[in-house]
Amino acid sequence: MKKTGFVSLVGAGPGDAELLTIKALRLLQTADVVVYDRLVSSEILELIPTGISRIAVGKTSGHHCVPQLQINEIIINLAKSGRRIVRLKGGDPCIFGRGSEEALVLKKHHINFEIVPGITAASGCSAYSGIPLTHRGLSRRVQFITGHFNDDQPLDLNWQSIADPDCTLVIYMGLANLPQLARSLMAAGLPASTPAAAVQNGTTISQQCVISPLAQINDAVQQAQMKAPVMIIIGKVVSLADELDWFQQSINEECYENNAVGH
Ligand code: SAH
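Definitions and cut-offs
The residue numbers shown here count from 1 along each chain, following its written sequence. Given that this is a predicted model, residues contribute local features only at a pLDDT of at least 70 and side-chain atom pairs are listed and counted only at 80 or more, while totals for whole chains, interfaces and linings are drawn from all residues. As a rule here, side-chain values come from all non-hydrogen atoms in the structure, and water together with hydrogens is ignored. Each helix corresponds to a stretch of at least 4 residues labelled H or I by DSSP, and each strand to a stretch of at least 2 residues labelled E; elements are numbered beginning at the N terminus. Burial here depends on accessible area, computed with a 1.4 Å probe over protein chains only, as a share of the maximum for the residue type. Under 20% is buried, over 50% is exposed, and the range in between is partly exposed. Should any heavy atoms of two residues lie within 4.5 Å, those residues are counted as being in contact. Computed with the Shrake-Rupley method and a 1.4 Å probe, the accessible areas treat only the protein chains shown as cover for residues. Residues scored as positive are Lys and Arg, those scored as negative are Asp and Glu, and His as well as the terminal groups of each chain are ignored. A charge is said to be at NZ when it belongs to Lys, at CZ for Arg, at CG for Asp and at CD for Glu. Only Phe, Tyr and Trp rings take part, Trp by its six-membered ring, and two of them pair if their centres are within 6.5 Å. Stacked means planes under 30 degrees apart, edge-to-face means over 60, and tilted covers everything else. One speaks of a salt bridge when a side-chain nitrogen belonging to Lys or Arg is within 4 Å of a carboxyl oxygen belonging to Asp or Glu. In this description, a line fitted to the C-alpha atoms serves as the axis of each element, helices being fitted only across the stretch in contact, and the angle between N-to-C directions of two axes falls anywhere from 0 to 180 degrees. Convention used here: angles under 35 degrees read as roughly parallel, angles over 145 as roughly antiparallel, angles from 65 to 115 as roughly perpendicular, and any remaining angle as oblique. Left-handed describes a crossing in which the near helix is turned anticlockwise from the far one by less than a right angle; the clockwise case is right-handed. Charged means Asp, Glu, Lys or Arg here, nonpolar means Ala, Val, Leu, Ile, Met, Phe, Trp, Tyr, Cys or Pro, and polar covers whatever is left, Gly included. Domain limits in this description derive from either an automatic procedure or a database domain assignment. Polar contacts, as used here, are pairs of N or O atoms within 3.5 Å; protein pairs need one atom able to donate a hydrogen and one able to accept it. Residues neighboring in sequence count only if both atoms are side-chain atoms. Strands were regarded as paired on the criterion that DSSP finds at least two bridges between them. A cutoff of 4 Å decides nearness: a residue is near a molecule or strand if any of its heavy atoms lies inside that distance of it.

### Concerning the overall build of the protein chain
Stage number 1. Across its full length, the protein chain holds 10 helices and 12 strands.
Stage number 2. Each of the three principal axes of the protein chain carries a C-alpha extent, and together these read 65 × 55 × 35 Å.
Stage number 3. Relative to its 263 residues, the protein chain shows a buried fraction of 46%.
Stage number 4. Within the protein chain, contacts between residues at least 6 apart in sequence are counted, and of these 70% link residues at least 24 apart.
Stage number 5. Total accessible area on the protein chain stands at roughly 13,900 Å², and carbon and sulfur atoms take up 53% of it.
Stage number 6. Across the protein chain, the 21 positively charged side chains and the 23 negatively charged ones have centroids separated by 13 Å.

Here you go:
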């Protein structure tokens, strides 16, 4: 009888390998092949035992290394040949990660699959920059939106519903359109003084975070020469980073100790 494969759509978390779930780690260590996205950190790829095949199908914003249709084809062919496949995606597979699109394709081809959630970048970046997504008295609601749109198209969002001063707004893929995003939010009534943060390479040793009022957040990002991946967090909760930013502090202390030892 023909063996049928199985696909695990697995979230790799935002970067720090220790934020992988135990389930994700077990699957990575027992798969036949791992098909992974560019956002998956090298620290995590190092956890895959030698002998397990890896296929990179990396994507960068606006630049697709392997088109989605081809990714689907690779996965379907591997599954039909009876392999156990881990389809590894940055963060959570089903938050701006096309995990559900790939699952629908698998379903259509009668290939069994499971979905293993991961820590999404919003959770990782907020925790590691001391910005809680909710906080009593500051935020009652969280919205995750994408700031990425196809070239030359206006940002087609319902700004009135998004611009809520009692809500935390998290923008994935928002770097390229940040000036337009900030302008639209302010035009829809979000005060220019609303605290905003941009977190680059969140949860990794190279994490960098800039904080400024919404009206100046793009200038701050430009000045810091930030590059993707960057997460934008907007809302009163950002003001707590002043007191809660434990991670940057621990990196600074480690650098200081290493320098002290080195001298
Ligand atoms: N499925 C992923 C998101 C993919 S969209 C998840 O759940 O996290 C890619 C966007 O996520 C990036 O453009 C950036 O906005 C954000 N992102 C992912 N990892 C990040 C990181 N380590 N630091 C900052 N932003 C990150």
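### Section: the packing of aromatic side chains
Stage number 1. Considering all chains together, one arrives at 5 aromatic pairs under this definition.
Stage number 2. By the ring-pair criterion, three or more aromatic residues cluster together here, those being Phe 96, Phe 144 and Tyr 172.

### A few points about the pattern of salt bridges
Stage number 1. This model, assessed by the stated rule, comprises 8 salt bridges.
Stage number 2. Asp 37 is paired through a salt bridge with Arg 87; the nearest N and O atoms lie 3.0 Å apart. Of the two residues, Asp 37 is situated in the loop between strand E2 (33-36) and helix H2 (42-45) and Arg 87 in strand E6 (residues 84-89); the sequence distance between them amounts to 50 residues. In this pair, the class of Asp 37 matches that of Arg 87, namely buried.

### Thoughts on the packing of helix H3 (residues 68-80) against helix H4 (residues 99-108)
Stage number 1. Relative to each other, H3 and H4 sit at 50°, their axes nearing to 11 Å. The orientation of H3 with respect to H4, classified from their angle, is oblique. With respect to the hand of their crossing, H3 and H4 are arranged in right-handed fashion. For the pair formed by H3 and H4, the contact residues are Gln 68, Ile 71, Asn 72, Ile 75 and Ile 76 on the first element and Glu 102, Val 105 and Leu 106 on the second.
Stage number 2. Partitioned by chemical class, the residues of the contact of H3 with H4 number 5 nonpolar, 2 polar and 1 charged.

### Observations concerning the domain arrangement of the protein chain
Stage number 1. By domain assignment, the protein chain separates into domain 1 (6-119) and domain 2 (122-247).
Stage number 2. Spacing between the C-alpha centres of domain 1 and domain 2 amounts to 27 Å.
Stage number 3. If you look at the interface, domain 1 gives 10 residues, while domain 2 gives 13 residues.
Stage number 4. Joining domain 1 to domain 2, the criterion identifies 0 salt bridges.
Stage number 5. On the surface where domain 1 and domain 2 come into contact, there are 2 residue pairs in polar contact (both at pLDDT 80 or more).
Stage number 6. When its residues are assigned to classes, the side of domain 1 that touches domain 2 shows 6 nonpolar, 3 polar and 1 charged.

### Examining the sheet that holds strand E7 (residues 112-116)
Stage number 1. Pairing is parallel across the open sheet formed by 5 strands, whose spatial order is E3-E2-E6-E1-E7. Looking along the sheet, the strands with just one partner apiece sit at the ends: strand E3 (53-56) and E7. Taking the axes of each pair of neighbouring strands and ignoring which way they run, one obtains an average angle of 20° across the sheet.
Stage number 2. Relative to E7, strand E1 (residues 6-11) is paired through 5 bridges, and the arrangement is parallel. Opposite Val 10, over in E7, you have Val 116 as the bridge partner.
Stage number 3. Where helix H1 (residues 22-30) meets the sheet, its contacts fall on E1, E2, E6 and E7, and the angle it forms with E7 comes to roughly 140°.

### Here's the deal with the site of the ligand
Stage number 1. Taken together, 18 residues form the shell around the ligand, and within it Ile 95, Thr 120, Ala 121, Gly 202 and Val 230 come nearest.
Stage number 2. Between the ligand and the protein, one listed contact pairs an oxygen atom with a backbone N or O atom of Asp 92 at 2.8 Å.
Stage number 3. For the ligand, an oxygen atom lies 2.6 Å from a polar atom in the side chain of Thr 120.
Stage number 4. Within the complex, 91% of the 550 Å² of free accessible area of the ligand lies under protein.
Stage number 5. Those elements giving two or more residues to the shell around the ligand turn out to be helix H5 (121-128) and strand E12 (230-234).
Stage number 6. In the shell around the ligand, the residues fall into 12 nonpolar, 5 polar and 1 charged.
Stage number 7. Counting the residues that make up the shell around the ligand, at least three belong to each of domain 1 (6-119) and domain 2 (122-247).

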